[in-house]
Amino acid sequence: MKVTYYGHACIAIETKEKTLLFDPFISPNEKAAHINVEDIHADYILLTHAHLDHVADAEAIAQRCGSKLISNYEVTNHYGAKGIDVHPMNHGGKASFEFGVAKYVNAIHTSSFQDGSYGGQPGGFVVWNDEGCFYHAGDTALTMDMKLIPMTCPKLDFALLPIGDNFTMGYEDAVLAAEFAQVNKVIGIHYDTFGYIEIDTAAAKKAFADSGKELILLSIGESINI
Ligand code: NI
Ligand code: MN
């Protein structure tokens, strides 16, 4: 699987000849000013929740690429009304797509659109196929529900976990999240985008290393193969 980081919680995963784009927040992100949203292709857009820092570019990309948008029921109602092809899900449910299986799992957070309208309950996604299995946690606190992932999904190859604190768990709790989800390779997201979530990245990497885990922090626009 090819993983590309577009800043904040926005990650593209290329697998099975499809591109999955999670939580596109690029054009308003000053740290991602060198990324041209028009250059990004998405066969599928997966939204963890309705907050602007996760959905800002979703509509434009979906309209341009004809992407299928996957999220909770309320978020897909919002985008479906704009003529976007959607697939609604809710917590604990999984479904099969061209790229493999996606399961919508619990997150502890909130979810509302920028105008205050209801964005359903926030979640994360576990995605798997014969190339691997990964977890995008979305915005969440550390939660015991993460222990359900290894009980109900294939073994994780990597996870995308928020580490920025303040609005989500910080890196100390993310180390425990990785233990709960039984994953050793973690890509940090949702940090350093703006003042509330600036962190000591060296300390974050050390905290993971001290627990025998790897924290990967990608530059915005950087890709790796996992
Ligand atoms: Ni949020
Ligand atoms: Mn957020």
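Residues numbered from 1 in each chain as written. Chains lettered and ligands numbered in written order. Predicted model: local features only at pLDDT ≥ 70, side-chain atom pairs only at ≥ 80, totals over all residues. Heavy atoms only, no water.

(A) Examining the state of the cysteines more closely. Per the stated rule, a full pass over the model turns up zero disulfides. The structure places no disulfide on Cys133, whose sulfur is separated from the nearest cysteine sulfur, that of Cys153, by 6.0 Å. (Disulfide = S-S within 2.5 Å.)

(B) Spatial organisation of the nonpolar core. Formed by 56 residues in total, the largest nonpolar core has its most connected members in Ile13, Val126, Tyr135 and Leu161. Looking at this core, the element that brings in the most residues is helix α5 (residues 171-181), giving seven residues. In this structure, Leu161 is in contact with Tyr135, Ala137, Met169, Ala174, Ala177, Ala178, Val186, Ile187, Gly188 and Ile189, ignoring residues within four places of it in sequence. Core analysis: the next-biggest nonpolar cluster, separate from the first, contains 23 residues, Ala12, Ile35, Ile45 and Leu47 among them. (Core = buried A, V, L, I, M, F, W, Y, C linked by side-chain atoms within 4.5 Å. Buried < 20%, exposed > 50% of the residue type's maximum accessible area, 1.4 Å probe, protein only. Helix = DSSP H or I, 4+ residues; strand = E, 2+ residues; numbered from the N terminus. Contact = heavy atoms within 4.5 Å.)

(C) Highlighting the coordination of the nickel ion (ligand 1). Coordination of the nickel ion (ligand 1) by the protein is provided by His49 (NE2), His51 (ND1), His109 (NE2) and Asp139 (OD), with metal-donor distances spanning 2.2 to 2.3 Å. For the nickel ion (ligand 1), the four donor atoms are set out with angles of 88 to 176° between them, so the coordination reads as irregular. Written as a sequence motif, the donor arrangement for the nickel ion (ligand 1) is H-x1-H-x57-H-x29-D. Separating the nickel ion (ligand 1) and the manganese ion (ligand 2) is a distance of 3.1 Å, and Asp139 donates to both of them. Of this pair, His49 sits in the loop between β4 (44-46) and α1 (52-55) while Asp139 sits in the loop between β10 (132-136) and α4 (148-152), and the two are 90 residues apart along the sequence. (Donors = N, O, S within 2.8 Å, 3.2 Å for Na, K, Ca; no water. Tetrahedral: all angles 85-135°; square planar, octahedral: opposite > 155°, others 65-115°.)

(D) Molecular detail of the pairing of strand β9 (residues 123-129). With seven of seven residues buried, β9 is to be regarded as a mostly interior element. Side chains of β9 alternate between two faces, with Gly123, Phe125, Val127 and Asn129 and Gly124, Val126 and Trp128 buried alike. Where strand β8 (residues 100-106) meets β9, six bridges bridge the pair, whose relative direction is antiparallel. Among the inter-strand pairings, Asn106 is bridged to a residue of β9, identified as Gly123. Where β9 and β10 come together, five bridges link them in antiparallel fashion. Within the sheet, the bridge partner assigned to Trp128 lies in β10 and is Cys133. What sits between β9 and β10 in their antiparallel hairpin is a turn of two residues. (Pairing = 2+ DSSP bridges.)

(E) Just the coordination of the manganese ion (ligand 2), in detail. Bound to the manganese ion (ligand 2) on the protein side are Asp53 (OD), His54 (NE2), Asp139 (OD) and His190 (NE2), at distances that span 2.1 to 2.2 Å. Taken in sequence order, the residues that donate to the manganese ion (ligand 2) follow the motif D-H-x84-D-x50-H.

(F) Inspection of the sheet that holds strand β1 (residues 2-5) at higher detail. Spatial strand order, β6-β5-β4-β3-β2-β1-β14: seven strands in an open sheet with mixed pairing. The sheet is open, and its two borders are formed by β6 (85-89) and β14 (223-225), each paired with just one other strand. Strand-to-strand, the axes of this sheet are offset by a mean angle of 20°, without reference to chain direction. In this structure, β1 lies alongside β14, joined through three bridges in antiparallel fashion. Bridge pairing in β14 links Lys2 to Asn225. In this fold helix α3 (residues 73-80) packs onto β5 (68-72) and β6, with an angle of close to 145° to the strand it touches most, β5. (Axes fitted to C-alpha atoms, helices over the stretch in contact; angles between N-to-C directions.)

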